[in-house]
Amino acid sequence: MADIGTEHSVAYHKEVPKKSFRSRLKQTWNHIKRDRQLLLLFLPCILFYVIFRYGPLYGLIIAFKDYSVFTGVLGSEWVGLEHFIKFFTNQDFWLLFRNTLLLGLYTLIFGFPFPIMLALLLNEVRTQWFKKSVQTFSYLPAFLSVVIISSMIIDFLSPNHGILNQFLAALGFEKKYFLIDPGWFRPIYVISEIWANAGYESIIYLAAIAGISPTLYEAAKVDGASRFHMIRHITLPGLFPTMLIMFILKTGSMIRVGYEKVLLLYNPMTYDVADVFSTYVYRKGLLESNYSYAAAVGLFEALVAMVMLLSANAISKRLGGNGLW
């Protein structure tokens, strides 16, 4: 069989000679002429990314300069890796790295399974009005701004009139100042992330479940499979490629913890567990006007996120699964 395969392979390579660069260029031009209307529709999207996504990357050069607003990007003095060295030797570096990594890791570990479980449960609900009510209720937090969500958290956990503290007081427990207790910051952040995003992300998994062939379920019913067996042997394997892609995307953004919610919830009492790269960049860049140093920290954060995304994609492909590219 190996010989036959080799012969076929050799014959195939003989039958399909390599095209020259000129012929490939001509073929590409013919494709552009043929699909010019479709390509014109795609042109605004390309321009958007060039102008608003890749154009601003030019400003990253200030991470290697001592930027001054009076001399501009090109006129500022070149300092090389000075800002990176200053950041790596800063006593706050490992604190920021630990806080960012732990917040991202906890959100990934505890937040990733929730949308999957919600989608599986919703898929099993047969009462349509109840299913739609749960879906609507679970999607709503995704349409609220971070400011509103943070305000709701602060009100909910308030020691004076917060619902949780009133409930604890009714049970005979002492009121607790959750938002100034460093031990509670990470659980509050992770739970609020799950609450805000689980419903919206479950749409992706429900769409993937809808793509599974109904004949598989019908065949399983004929064989006497229960709903649990169908979830285990049909639904979950059907969801696996989507789960893998979502996991890779979340791993890539794990280190990029958003600064908005942390800024709104943290205070000097919780700096040791709440201060992350993005809040540090905000303070250094906008509050202290140290633009070059903030750009260096932001660039380091982006590079770490890119390495994690590439690593997750490579591991996924090595384990035999699908990758993003």
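Residues numbered from 1 in each chain as written. Predicted model: local features only at pLDDT ≥ 70, side-chain atom pairs only at ≥ 80, totals over all residues. Heavy atoms only, no water.

Time to look at the overall build of the chain. Along the chain, the regular secondary structure elements total 17 helices and two strands. Taken against the 2.2 N^0.38 rule, which gives 20 Å for 325 residues, the C-alpha radius of gyration of the chain at 26 Å runs more than 25% over that of a compact globule. Taking the principal axes of the C-alpha coordinates as reference, the chain spans close to 80 × 70 × 45 Å. Per-residue burial over the chain gives 34% buried out of 325 residues. The long-range share in the chain, meaning contacts at least 24 apart out of those at least 6 apart in sequence, stands at 64%. (Helix = DSSP H or I, 4+ residues; strand = E, 2+ residues; numbered from the N terminus. Rg over C-alpha atoms; globule rule 2.2 N^0.38 Å. Buried < 20%, exposed > 50% of the residue type's maximum accessible area, 1.4 Å probe, protein only. Contact = heavy atoms within 4.5 Å.)

This paragraph deals with the pattern of salt bridges. As a working rule, side chains carrying opposite charge can pair if their charged atoms are close by. For the structure shown, the criterion picks out seven salt bridges. With a closest N to O distance of 3.1 Å, Arg-34 and Asp-35 form a salt bridge. Close ionic contact of Asp-181 with Lys-176 constitutes a salt bridge, the shortest N to O distance being 3.6 Å. (Salt bridge = Lys/Arg side-chain N within 4 Å of Asp/Glu carboxyl O.)

Quick look at the packing of aromatic side chains now. By the definition in use, this model includes 28 aromatic pairs. With 6.2 Å between their ring centres and 75 degrees between their planes, Phe-87 and Tyr-293 make a pair best called edge-to-face. Placement of the pair is Phe-87 in helix α5 (residues 82–88) and Tyr-293 in helix α17 (residues 291–318), with a sequence separation of 206 residues. The burial state of Phe-87 is the same as that of Tyr-293; both residues are buried. A centroid spacing of 4.8 Å and a plane angle of 55 degrees characterise the contact between Tyr-266 and Tyr-271, whose relative ring orientation is tilted. Here a set of aromatic residues connected by ring pairs shows up, and it is made of Phe-87, Phe-88, Phe-93, Trp-94, Phe-97, Phe-277, Tyr-280, Tyr-293 and Phe-300. (Phe/Tyr/Trp six-rings, centres within 6.5 Å; stacked < 30°, edge-to-face > 60°.)

Considering the arrangement of structural elements, one finds Tyr-280 in helix α16 (residues 277–287). Sequence separation of Tyr-280 and Leu-96 is 184 residues, and the distance between their C-alpha atoms is 8.0 Å. Setting aside residues up to four positions removed in sequence, Tyr-280 forms contacts with Phe-87, Asn-90, Asp-92, Leu-96, Asp-275, Tyr-293 and Val-297. A polar side-chain atom of Tyr-280 sits 3.0 Å from a polar atom in the side chain of Tyr-293. (Polar contact = N/O pair within 3.5 Å; in protein donor to acceptor, adjacent residues only side chain to side chain.)

This part takes up the nonpolar core. Ranked by size, the top nonpolar core spans 29 residues in total, and within it Phe-87, Phe-112, Ile-116, Tyr-205 and Leu-239 carry the most contacts. Looking at this core, the elements that each hand over two or more residues are α6 (93–111), α7 (113–124), α11 (182–210), α13 (227–252), α16 and α17. At six residues, the largest contribution of residues to this core is made by α17. When neighbours within four sequence positions are excluded, Tyr-205 is seen to be in contact with Phe-112, Pro-115, Ile-116, Ala-119, Leu-239, Thr-242, Met-243 and Met-246. The next biggest cluster of nonpolar side chains, apart from the first, holds 18 residues, and it includes Tyr-189, Ala-196, Tyr-266 and Val-273. (Core = buried A, V, L, I, M, F, W, Y, C linked by side-chain atoms within 4.5 Å.)

Attention now goes to the confidence of the model for the chain. Across the chain, pLDDT averages 86, with 94% of residues at or above 70. Per-element confidence in the chain is highest for α5, whose mean pLDDT is 93, and lowest for helix α1 (residues 2–15), whose mean pLDDT is 46. (pLDDT = per-residue confidence, 0-100.)

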